[in-house]
Structures are given as C-alpha cells and as structure tokens.
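# Fold and geometry: a report
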Amino acid sequence: TVFFVIILLIVNACGAGKKAKDNIERGHYSKAFNIAYTELAKDKNKKSNQKLIPSLKEAYTKAYDRDIHKIKLLKKENDPLNYKKIYATYVAMDIRQDDVQSLQPLYYEGKKVSFEIHDFTNDIAESLANYSDYLYQTGNTQLGGSKLEARKAYKTFNELEFVNPNYSKELSELIAQAKKKGSSFVLMKFQNNSGQTIDPKEVNDLLYINESNMQNKWVVYHSQQDQNIHYDYEVNAGIDEILISPERVNTETIPQQARIKDGWEYVYDANGNVAKDSLGNDIKRDKIITVQAEVRMFQQTKSARINGGIVVQDLSTNAQASSAPLYGEAAFENVFAQYRGDQRAIEQKYVQALQNKEVPFPTDDEILKASLADYKNRMLSFLEQQKL
C-alpha cells in the first residue's frame, strides 16, 4: 500500500510539472506559476516537488515581464476605464511575490534559487487612488441621472466601498441615496368587499412585503404611506368573497375477509387414522381458516376559498398598468378508521388509517388565515411578473 501511495505521489508531481511547462509554452504564466506554487507549498523539500522549482522561477519572471508591459500599455492609453485593470494587475503581482517569499529559501540541485522582488506599495496606492477617484466621480455623475442611472450609481458606490471603504465618510450616504433614487416605490392597499370581518393583523401581514425576498431588489413595497416618498405605483388587492365550507365527516364501511394460517392439524387417512410419512412420522399441515372484519373509514374535511382581484396603477400616468383575478384557498383533511372483528382480516392499506385519530377541526379564523397565506403567495407571484 505504501508503495502505491509513493508511486501515486510521484505521478502527481510529474503531472504537475508537465502541466506547468505546457502552460508556460502557451503563455499562461500565471496558471503555470499557480500549479508549481500549489505543489511546493504542500512540501517544498520533497524531491519530486523540487523539479517544479525551475518552472516556478520561469513562470514568475515571465509573468512579471508580461504584467509590467501590460501596465505600460494601459497607462499609455490614458483611459480612466483602465484604472481598475492597472490596480488589479499590481495587486496580482504583489500577491505572487508574497507567495514566492512564503516558500523561501528554495534550493534546486544544491543551489539557492533567488527571485527578483519589487516594492509595489506606492504603485498599488497610486493605482487604487486613481481607481477610487474614477469610481467616485462616475458614481456621482450616474446619481444625477435617471432612475436606471441611479441603479448604476448604487453598484459603482458599492464597488468603491469594497475596494476602498475609507475613501469618503459620505460613501454610506451616497449608497443610500442611490438605492432610494433607483428604487420603484409601491404603495400597497387592500379592500375587503366580502362583508365578512378579517383580523387587521392578517391584513397587515398580507400587505407586508419584504423586498429582500423578491427577485427585483429595486422594487420597494410599503403597506403604510410615507409622506416623504414619491410613489411610482399603487397596488390595490381586494377580496370580494369568502367561502368557508361546513365541517364534514364522511364515512364508509368496508367489509374485510382473508384466508390465514391458524396453527396446524394432522392429516388423516381413509380409515380415519393419522397419516404417516415414509419414515413413520405423523403428517401435519397448516390449518387455514377464514377470518372476517369490518373497517369503518372516517374522512374529516373543511375548506375555505377567497375570491378577489388585484390592480396595479401607474401613478406617473394615472393609468392602470395591469390587473388580474386573485384567489386563495386552503383545505383541511384528516382520515382515520376504526374496526371490529378479527384484525388479521384487514388489508395493509388500512393500517395507517387505523393508527390515526380524530382531530379537532380548524376554526373558521384558522382556515381563513391559511387561505389568506395562499392568496398572498399568488399575489407575490403576480407582482414578480410585473415590470415595476
């Protein structure tokens, strides 16, 4: 087993070495470096891994030359859109240097392998400052535009907060402004035309929508009007009818009969004597009897249905944007059974029902609450499809 483990390790090391060399030949220096570094970081003193050191050095040197050339070209273009690329390249080079330094000292064939190390501190700071300034200015320009531009500003300011959280004290406020300006605000309203009372708490739960659970994070729903908010849409959800069925218990009696083994009995010959087998032993056989029972099935049911509709009003044009019928329903069912007679006659499919018990019916309020929850789910599904 140890032999096979050693062979496997050697094969893995050889495989990594070939991959590193292949990637260097293709110009994929960063990938080649990562392949060599990963194996050496595991055990740089392992003989098979040390064969990766020349590839590590070559990939490191060529990656540095490539990145420096890339940065020079990007700076020469003098395009603010390049600030992110310049900053990211400097950071990648610095990380690569840290990886190399973490492996020091490295020896190949008895000689120490050195790597050229550069101080990128000022380069990173300068490129981060340029990138941050660009993001800040771009975000402010976007914030001064339309609702869709404000959404871009929100993304831009969040990117700035991620790369340079200490750039400006007003950054959090700018993110909040962009979120507010980029959002579509929807005022939720409810009308109960059913003639039946609905608990105000249930109405509040129905109208409350947590936008973090919705697919479109730019739509904000309010169940209470805020005088400081300019609303883009108004949604009127209504209930015209509440139907609650009476409590019902349906019964069915099912006869059961089965032929079963009930012990054993002797076999008798034509003369009335106990029959014998070839060895002279008494012959016995299973005693089969017919058993009967009666299963009485009980089905408790109760249901509720809410019928209504929903209308979306575009407040900028004061026109109806969309509408649809809306309903919610809930059903209660409990099946249980009782029996009399011989239990051995009862089919397996009735066993679970026999273990069940009669349970209290839900109250009208409870089943109405469940149907309101279904109504809300259908309402949310409808709102998800709207382009608000």
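See the structure above.
Since the model is a prediction, treat every value here as computed from it, not as a measurement. (Residues numbered from 1 in each chain as written. Predicted model: local features only at pLDDT ≥ 70, side-chain atom pairs only at ≥ 80, totals over all residues. Heavy atoms only, no water.)

## Thoughts on the pattern of salt bridges
Short version of the rule: Within this document, salt bridges are pairs made up of a side-chain nitrogen of Lys or Arg and a carboxyl oxygen of Asp or Glu, the two lying within 4 Å of each other. Each helix corresponds to a stretch of at least 4 residues labelled H or I by DSSP, and each strand to a stretch of at least 2 residues labelled E; elements are numbered beginning at the N terminus. The buried label applies to any residue whose accessible area, calculated with a 1.4 Å probe on protein chains only, is under 20% of its type's maximum; exposed applies above 50%, and partly exposed to all values in between.
Enumeration over the complete set of coordinates arrives at 20 salt bridges. Glutamate 39 serves as the salt-bridge partner of lysine 42, at 3.4 Å between the closest nitrogen and oxygen. Here glutamate 39 and lysine 42 lie together in helix 2 (residues 29-42), a separation of three residues that amounts to about one turn. Lysine 42 gets classed as exposed once you look at its relative accessible area, which sits at 61%. Its relative accessible area of 17% is what places glutamate 39 among the buried residues. Between arginine 305 and glutamate 329 there is a salt bridge, with the nearest N and O atoms lying 3.3 Å from each other.

## Regarding the nonpolar core
Filter applied, for reference: Remark: nonpolar core denotes a set of buried residues (Ala, Val, Leu, Ile, Met, Phe, Trp, Tyr, Cys) joined through side-chain atoms within 4.5 Å. We call two residues in contact when some of their heavy atoms are within 4.5 Å.
By size, the foremost hydrophobic cluster in this structure holds 28 residues, and its most contacted members are Met188, Tyr221, Met379 and Leu383. Going through the elements one at a time, strand 3 (184-192), helix 9 (200-207), strand 4 (219-222), strand 5 (233-244), strand 7 (284-314) and helix 11 (364-384) are the ones with two or more residues in this core. Ranked by residues supplied to this core, first place goes to helix 11 with seven residues. Sequence-distant contacts of tyrosine 221, defined by excluding residues within four places in its chain, comprise Val186, Met188, Ile209, Glu211, Met214, Leu383 and Leu388.

## With respect to helix 11
Definition in use: Expected helix span is taken as 1.5 Å per residue step, with the number of steps being one fewer than the number of residues.
Here helix 11 contains 21 residues, and its C-alpha end-to-end distance of 30 Å stays within 8% of the 30 Å for a straight helix at 1.5 Å per residue. For helix 11, the secondary structure elements touched by its buried residues are strand 3, helix 9, strand 4, strand 5, strand 7 and strand 8 (319-341).

## Here we look at the environment of asparagine 236
Looking at the element boundaries, asparagine 236 is found in strand 5. Linking asparagine 236 and isoleucine 310, residues 74 residues apart in sequence, is a C-alpha distance of 5.7 Å. Apart from the residues lying within four places of it in its own chain, the contact partners of asparagine 236 are Lys189, Gly309, Ile310 and Val311.

## Side note on unusual backbone geometry
Cis geometry is found at the peptide bond from glutamine 104 to proline 105, where omega equals -5°. Phi at asparagine 78 is positive, roughly 55°, even though this residue is not glycine. Judged by relative accessible area, asparagine 78 falls into the exposed class, the value being 64%. Phi at glutamate 109 takes a positive value of approximately 50°, unusual for a residue other than glycine. Secondary-structure assignment places glutamate 109 in the loop between strand 1 (107-108) and strand 2 (111-112). Residue glutamate 109 is classed as exposed on the basis of its relative accessible area, which comes to 68%.

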